[in-house]
Amino acid sequence: MNIQQYVNKGSFYKAVVEDGSDVIFIVDFTGNIQYHNASASQTLGYRSKSLIGKNFFEFIRPSTLAELQQKFKESQKRAYTEKVEFQFLCRDQTYRFLEFNAINLKHKEGLPGFILDCRDITQRKKDEAELVRLQKAKEQFLANISHEIRTPINGIAGMVNLLSQNPSPDEHETYLNAIKHSAENLKVIINDILDLAAIESGKLRFEKIAFNLTDLLPSLISTFTYQAREKKISLAYDIDEKLNKILMGDPVRLNQILINLISNAVKFTHTGSIRVQCTVEREQRKICWVRLEVSDTGVGIPEEKLATIFESFSQADESVTRRYGGTGLGLTIVRQLVELQDGKIHVVSKEHQGSTFIVTIPYPIGQVNDIMPQMPRLDKTHSLANTSQLRVLLVEDNDINRLYARSILKNWQCYIDVAENGLVAIEKIKNNAFDVVLMDVQMPVMDGYEATKAIRLMELAAELPIIALTANATVKDVEKCFAAGMNDYLPKPFTPEDLYRKLFDDLKIKPLNDAQPRPARVTEPEGVMYNLSYLRNVSGNNEDFIREMVSTFVQTVPPVLTEMQKCLQEKEWMRLSRLIHQIKPSFILLGIDALRANILFIEENSKAETSLSKVTQTTKEFIARCNTILPQLSRDILMTQP
């Protein structure tokens, strides 16, 4: 029998209707069941033909019955009705989500009834509910992150404002400590997000180095002593004597696990105590299973929340974040760090009585000679002999970031040159020798990726070390840095120690031979409001080129200033915005940084037509200062013979 004969015989009706996966009902308009196929047994649990003669509506969840009856009534007017959801009572007394498409037999055969083709959508509904739950959790997480970031930023802004009001020495120190504390909180949030991204991408790598838990734990506990004392709770630890041995693993990640668990205990404990206990669970074949228990007498975790406490974006209660802060990622990171090291974690807790988090991780047992000598920590007394004479090109468009990095490098007695974007950096590298480039990634005109690619095509700079300075330190961003040709990356914000280790420990950068030319250091006359360093660098100190650029500036700016004055009189704010935008690049080229804030304020606010009285005042001040700078440029540059 061929396919056509199979069709003609009609055998496929049995395959589709009788043996198909969909549940087929034939009901009259009042809901009486006249037929159902065998799938009613597989999907709903009822025996063959056992529902015939019963009413379809008797099996519908009561709370949704009225709505479904209304859909039935509406369907009587149509030949075909699609995707009507309902819940049908199964033989085991549970309800399953079904969805029917209805063929109206009144329109086809003149009979008052429906053929209902019902598909089981229970799993889909569960997936949808889970998706909604995760979406709400992520929305809550984003709200938490927003709050957690804004709080320290507001604190920093407030302290900076107080520092500008001539505080006493004691107040000065208090404000600085508050700023430092807020900055550390921001770093914790950023590190949590980056750690989770690295873990979930599968790109997190674990060290396998020698360490001793009896050395690691006491110093870690001491970092929480002040917080515990401040809350008047006791903090103690106990280490099994059998753990006084060399273990092979990643002590930094172990530290991270303990920091998260102990900081949570401190956060959620208001009276009583916290205890950290480290024991050997078992030893076998030169593997030591280390058991870590962090117990507290804090608020505890409700029983219904214990199953989700380790999930991403989850805390025991949404109000937890409002009361205690945090990203909701700490325990997720802990669980994944433990499991990635073949360990296990679980929690025992009772609400209002406290919690105990239990971690077990297997570590190979090492030997004394596995311990590598520690690198000296960089501090105020650390020797910086090998930083002196280092030639550094700092490519950074943000004023604050530039000031911070320059201050660090200046303390190390480095030679520093600065570029505001990748294009300027390329020109500076063409005309000067550098030992290393610190390259911001996101910049106007030319970003760090494109600049690095261009530098790698330059014969003299093909091997020049380039370190990315990036606030986007996800795995994808890091891979993009390496793909562009960068040697390494340093996530922002970074400490002086971070930069030092990257330059001298990781990349082992050394100054070039002193015979090679150092970056040009040209200073302008004292008291001037311009800086021609950029023009000097891009032109290779070509005086004719510099004169031509200054001459063009001196000739083209005055007519624009006249037009700007006219815009003020006629209140043509949009035109004023276009004019200031037109001349903005010229001021950047000539290093007239003192007017940059004025230019940006005028451009943005005149375009948006906001703060117009301030726009008028600022524009008048800008024009007046330009009328001071223009003669100064003419006198210093154009009227001076080379």
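The structure displayed is predicted, hence computed values, not measured ones.

What counts and what doesn't
Throughout this description, residue numbers start from 1 for each chain and increase along the sequence as written. With pLDDT at 70 or above as the cut-off, local features in this predicted model cover only qualifying residues; side-chain atom pairs require 80 or more to be listed or tallied, and sums for whole chains, interfaces and linings still use all residues. In computing side-chain properties, one takes all heavy atoms of the structure into account and sets aside hydrogens as well as water. Helix numbers and strand numbers start at the N terminus; a helix is a DSSP run of H or I with at least 4 residues, a strand a run of E with at least 2. Relative accessibility decides the category of a residue: with a 1.4 Å probe and only protein chains considered, values under 20% of the type maximum give buried, values over 50% give exposed, and everything between is partly exposed. Note: two strands are recorded as paired if DSSP finds a minimum of 2 bridges between them. Under the rule applied, a polar contact is a pair of N or O atoms within 3.5 Å (in protein, one hydrogen donor and one hydrogen acceptor; residues adjacent in sequence only if both atoms are side-chain atoms). To obtain an axis, a line is fitted to C-alpha atoms, over the contacting stretch when the element is a helix, and the angle between two such axes runs from 0 to 180 degrees between their N-to-C directions. A pair of Phe, Tyr and Trp rings is counted when the ring centres sit within 6.5 Å of each other, with Trp represented by its six-membered ring. The angle between the planes then sorts it: under 30 degrees is stacked, over 60 is edge-to-face, the rest tilted. Here is the rule for angles: anything less than 35 degrees is roughly parallel, anything more than 145 is roughly antiparallel, 65 through 115 is roughly perpendicular, and the remaining ranges are oblique. Left-handed describes a crossing whose near helix is turned anticlockwise from the far helix through less than a right angle; right-handed describes the clockwise counterpart. The contact rule is simple, with two residues in contact once any of their heavy atoms fall within 4.5 Å. Under the scheme applied, nonpolar residues are Ala, Val, Leu, Ile, Met, Phe, Trp, Tyr, Cys and Pro; charged residues are Asp, Glu, Lys and Arg; polar residues are all the others, including Gly. For every residue, the predictor states its confidence as a pLDDT score lying anywhere from 0 to 100.

Side note on unusual backbone geometry
And then number 1: In this model, Q93 sits at a positive phi of 70°, which is unusual for a non-glycine residue.
And then number 2: Turning to its location among the elements, Q93 is positioned in the loop between β3 (80–89) and β4 (95–104).
And then number 3: For Q93, a relative accessible area of 57% puts it in the exposed group.
And then number 4: Positive phi, close to 70°, is recorded for V445, a residue that is not glycine.
And then number 5: Relative to the helices and strands, V445 is located in the loop between β15 (436–440) and α14 (448–456).

Details of the pairing of strand β11 (residues 344–350)
And then number 1: Only one face of β11 is covered, namely the face carrying I345, V347 and S349; the face carrying K344, H346, V348 and K350 is uncovered.
And then number 2: In the sheet, β11 pairs with strand β12 (residues 354–364) via 7 bridges, with the strands oriented antiparallel. Each residue of the ladder has a partner; that of K344, found in β12, is T360.

A closer look at the environment of S551
And then number 1: Relative to the elements of secondary structure, S551 occurs in helix α18 (residues 543–570).
And then number 2: Between the alpha carbons of S551 and S634 there is a distance of 7.8 Å; along the sequence they are 83 residues apart.
And then number 3: A polar contact of 2.9 Å, which involves the side chain of S551, links it to the side chain of Q555.

Let's talk about the sheet that holds strand β10 (residues 287–296)
Two modes of strand pairing occur in sheets, parallel and antiparallel, and in both the strands are linked by backbone hydrogen bonds.
And then number 1: Reading across the sheet, the 5 strands line up as β7-β9-β10-β12-β11 and stay open at both edges, with mixed pairing between neighbours. A strand with exactly one partner marks an edge of an open sheet, and here the two such strands are β7 (234–239) and β11. Strand-to-strand twist of the sheet, defined as the mean angle between neighbouring strand axes without regard to direction, takes the value 15°.
And then number 2: Looking at chain direction, β7 and strand β9 (residues 273–284) are connected through 6 bridges and run parallel. By the bridge assignment, A236 is partnered in β9 with R275.

Description of helix α16 (residues 496–506)
For an α-helix, the turn length of 3.6 residues means that residues three or four places apart are oriented alike.
And then number 1: Within α16 the residues assigned to the buried category are E497, L499, Y500, K502, L503, F504 and D505.
And then number 2: Of the residues flanking the end of α16, it is K508, one or two places downstream, whose phi is positive at about 50°.

Describing the packing of aromatic side chains
And then number 1: On inspection of all chains with the given rule, the structure shows 22 aromatic pairs.
And then number 2: With a centroid separation of 5.7 Å and 80° between ring planes, the pair formed by Y46 and F59 is classed as edge-to-face. Remark: F59 occurs in the loop between α3 (39–44) and α4 (62–75) and Y46 occurs in the loop between α3 and α4; sequence separation between them is 13 residues. For the pair Y46 and F59, one class covers both residues: buried.
And then number 3: When the centroid spacing of 5.5 Å and the interplanar angle of 50° are considered together, the rings of F56 and F88 count as tilted. Here F88 lies in strand β3 and F56 lies in the loop between α3 and α4, a separation of 32 residues in the sequence. F88 carries the same exposure label as F56, and that label is buried.

Describing the packing of helix α13 (residues 422–431) against α14
And then number 1: Closest axis-to-axis distance for the α13/α14 pair is 9 Å, and the angle between their directions is 20°. Of the possible angle classes, the one that applies to α13 and α14 is roughly parallel. The hand of the α13/α14 crossing is right-handed. Residues G422, I426 and I429 of α13 lie in contact with α14, whose contacting residues are A451, A454 and I455.
And then number 2: Its residues assigned to classes, the contact of α13 with α14 shows 5 nonpolar, 1 polar and no charged.

A short note on the pairing of strand β1 (residues 23–28)
And then number 1: The buried fraction of β1 is high, at 5 of 6 residues.
And then number 2: Relative to strand β5 (residues 113–120), β1 is paired through 6 bridges, and the arrangement is antiparallel. In the strand pairing of β5, F25 is matched with L116.
And then number 3: Bridge count between β1 and strand β2 (residues 33–36): 3 bridges; the pairing is antiparallel.

Here's the deal with the confidence of the model for the chain
And then number 1: Scored by pLDDT, the chain has a mean of 81; 81% of the residues are at 70 or more.
And then number 2: Below a pLDDT of 50 lies the segment residues 315–326, which in the model reaches 25 contacts outside its immediate sequence neighbourhood of four places, other chains included.
And then number 3: A low-confidence stretch, residues 514–526 stays under pLDDT 50, and its non-local contacts, those more than four residues away or across chains, total 28 contacts.

Looking at the packing of α14 against helix α15 (residues 475–484)
And then number 1: Two elements in contact, α14 and α15, have axes whose closest approach is 8 Å; the angle formed by their N-to-C orientations is 25°. The angle between the axes of α14 and α15 places the two elements in the roughly parallel class. Every residue of α15 that contacts α14 at Y449, T452, K453 and R456 is listed here: D477, K480, C481 and A484.
And then number 2: Of the residues contributing to the contact of α14 with α15, the split by class is 3 nonpolar, 1 polar and 4 charged.

Points about α13
And then number 1: Within α13, 7 of the 10 residues are buried, leaving the element largely enclosed by the surrounding structure.
And then number 2: Within α13 the residues assigned to the buried category are G422, V424, A425, I426, E427, K428 and I429.
And then number 3: Capping the start of α13, N421 holds a side-chain oxygen 2.9 Å from the backbone nitrogen of L423, two or three residues further along.

Thoughts on the sheet that holds β15
And then number 1: Strand order in this open sheet of 5 strands is β14-β13-β15-β16-β17, and the pairing throughout is parallel. Every other strand in the sheet has two partners, leaving β14 (415–419) and β17 (488–491) as the edge strands with one partner each. When strand polarity is set aside, the average angle formed by the axes of neighbouring strands in this sheet is 20°.
And then number 2: Relative to the sheet, α14 contacts β15 and β16 (466–470), its axis offset from that of β15 by approximately 150°.

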